[in-house]
Amino acid sequence: MADPPPPHFGRRAPPEPRPAPRRPDPQALKRKRSTTVAVGAVGLLALGGFAVADQIRARNCASGDSAAANDASTRCGGAGGHFGAGHGWSSGGGAEAAAFGGFGATGHGFAGGE
Amino acid sequence: MRREPSPQRPDFAAEAAQIGFRDRFDDGAPYWDETVRYVFTLEEIESDLETATAELHRLNLELVDRAARDEALLKRLRIPEYAWDLIAASWRRRDPSLYGRFDFSYDGGGPPKLLEYNADTPTALYEAAVVQWRWLEQLTARGLLPRDADQFSSAHEKLIARWREIGGGDLIHFACNQSEADDSGTLAYLEDCARQAGLATAALDMGDIGLAGVRLVDRGGRTIRRLFKLYPWEWMLADAFGRSPAMAATRFVEPRGR
């Protein structure tokens with residue numbers, strides 16, 4: 001007959017069997033990083049939608065809309081101008097192509113939580 | 001608490017390969033060392049370690065609450081001014097946290113002493129949640145540990161349960177510097193937990209986070225509404241996109257207050 005489990009046994013159930021975590025292929029990542037950025041996937045409709053959204057935001061800023069001015073996501077003026085150069089991003093209105101490479105530079109060689 | 005010698009599994013290399021665990025550093029030196037083990041009593045776990053963990057976490061949240069309402073304190077903590085509003089908004093929304101890791105010094109002879117609270121980018125999670133558990137199971141099955149031996153950790157189950165709570169209905173993006181094995185392994189594990197919680201996920205490199213107007217997007221043009229990032233907040237805010245208005249449109253795990 002099996003021994004009865006101690007009172008604290010079973011606090012931890014075994015993990016369910018599952019596939020091993022995937023390891024990204026460093027070569028594939030390099031290829032992906034060097035891929036030219038295209039906006040085709042976003043689609044003309046989406047671009048048009050964001051152009052309209054930007055125009056609305058610009059109009060709110062121009063009219064001094066306090067809600068727009070206080071909301072960081074619609075902040076007016078030069079809030080986005082800090083990092084336009086070199087990353088293809090500007091704080092102006094209009095439909096934007098996606099720019100990449102704006103994250104990760106500081107973390108080169110970073111080894112997580114150590 | 002006792003530290004005692006423990007036998008190494010002769011077939012550990014095969015075990016590591018099976019579960020996708022990297023058991024060696026790039027230079028071939030062993031990463032995983034199971035030649036010793038630490039034995040705790042339930043009282044040590046519950047009265048000392050878990051109690052201290054809960055109390056320190058509570059104090060941490062108390063500090064965030066104070067800082068979110070006190071610019072002088074934010075300045076003293078050297079939080080950049082352009083991040084103050086984002087931190088305060090995140091705290092007011094109670095943006096959820098997934099996990100953190102306390103590093104303690106503890107010998108069972110007194111209360112644990114805090115070395116570090118890594119609340120933003122803890123790694124070594126797969127080791128603690130899965131690799132250790134399988135070690136316990138295998139040594140018990142081979143008669144090398146008492147049959148009633150247990151692991152005082154339920155990290156794996158709690159991670160899945162927590163993803164169920166905080167996942168929302170959105171696709172969750174997972175990002176880190178994928179060239180770092182520690183980070184990509186931890187990220188893959190957490191993404192796997194999220195999938196086991198029934199969530200839709202996508203993994204990417206930090207460099208593959210794009211900026212399109214006031215949105216963060218992935219290479220496929222999908223808006224990044226929720227982002228788990230294994231990348232420190234101080235670096236994220238210092239990076240080129242860190243001051244972007246798009247930062248306010250994405251929900252981050254861990255949240256900004258961490």
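This section reports on the structure supplied with the text. Every chain's residues receive numbers from 1 upward, in the order its sequence appears when written. Each chain takes a letter, starting from A, and each ligand takes a number, starting from 1, following the order in which they are written. Confidence filtering applies because this is a predicted model: local features only for residues at pLDDT of at least 70, side-chain atom pairs given and counted only at 80 or more, and all residues used for totals across whole chains, interfaces and linings.

## Observations concerning the overall build of chain A
For chain A, the count of helices and strands is three helices and one strand. A run of H or I in DSSP becomes a helix once it reaches four residues, and a run of E becomes a strand once it reaches two; helices and strands are each numbered from the N terminus. Seen in sequence order, chain A has helices and strands lined up from the N terminus as α-α-α-β. To sort residues by burial, count the other C-beta atoms lying within 10 Å of each one's C-beta; a count of 20 or more means buried, 12 or fewer means exposed, and anything in between means partly exposed. C-beta atoms are built from the backbone. Among the 114 residues that make up chain A, the fraction classed as buried is 17%. Each residue gets a C-beta atom placed from its backbone, and two residues are in contact if those atoms lie within 7 Å. Contacts in chain A between residues far apart in sequence, at least 24 positions, make up 35% of those at least 6 positions apart.

## With respect to the overall build of chain B
The helix and strand inventory of chain B stands at eight helices and 10 strands. For this measure, only C-alpha atoms enter the radius of gyration; the expected value for a globule follows 2.2 Å times N^0.38, where N is the number of residues. Its C-alpha atoms give chain B a radius of gyration of 20 Å, near enough to 18 Å, the size a compact globule of 258 residues would have. Its C-alpha atoms put chain B at 60 × 40 × 35 Å along the principal axes. Across the 258 residues of chain B, 33% fall into the buried class.

## Describing the sheet that holds strand β6 (residues 201-205) of chain B
Strand pairing in a sheet relies on backbone hydrogen bonds, with the paired strands running either antiparallel or parallel. Residue and element names in this part refer to chain B. For two strands to pair, DSSP has to find at least two bridges joining them. In space, the four strands of this open sheet follow the order β6-β5-β9-β10, with parallel pairing throughout. For this open sheet the edge positions go to β6 and β10 (251-253), each flanked by a neighbour on one side alone. Taking each pair of neighbouring strands and ignoring which way they run, the sheet shows an average axis angle of 25 degrees. Both strand β9 (residues 226-230) and β10 contribute to a ladder of three bridges, which runs parallel. Across the sheet, the residue bridging to Leu227 is Phe252, located in β10. Against the sheet, helix α7 (residues 181-196) makes contact with β5 (172-176), β6 and β9, and its axis sits at roughly 170 degrees relative to β5, the strand it touches most. Helix axes are fitted only over the stretch in contact, all axes being lines through C-alpha atoms; the angle between N-to-C directions runs from 0 to 180 degrees.

## Points about the sheet that holds strand β1 (residues 99-100) of chain A
Pairing is antiparallel in the open sheet, where three strands are placed in the order β1(A)-β7(B)-β8(B). With one partner strand each, in any of the chains shown, β1 of chain A together with β8 (215-217) of chain B form the two edges of the open sheet. Bridge count for strand β7 (residues 210-212) of chain B against β8(B) is three bridges, and the pairing is antiparallel. Its bridge partner lying in β8(B), B:Gly210 is registered against B:Val217.

## With respect to helix α6 (residues 155-166) of chain B
Residue and element names in this part refer to chain B. Helix length check: α6, at 12 residues, gives a terminal C-alpha distance of 16 Å against a target of 16 Å (1.5 Å per residue), a fit within 8%. Residues of α6 that are buried: Ala155, His156, Leu159 and Trp163. Buried residues along α6 cover an arc of 100 degrees about the axis, so they all sit on one side. Seen from the open side of α6, the exposed residues pointing more than 90 degrees away from its buried face are Ala161 and Glu165. Lining the buried residues of α6 we find α5 (125-141) and α7. Looking one or two places after α6, you find Gly168, whose phi comes out positive at around 65 degrees. Under the convention used throughout, the expected extent of a helix is 1.5 Å for every residue step, that is, one less than its residue count. When we speak of the arc, we mean the arc of directions from the helix axis to the C-beta atoms.

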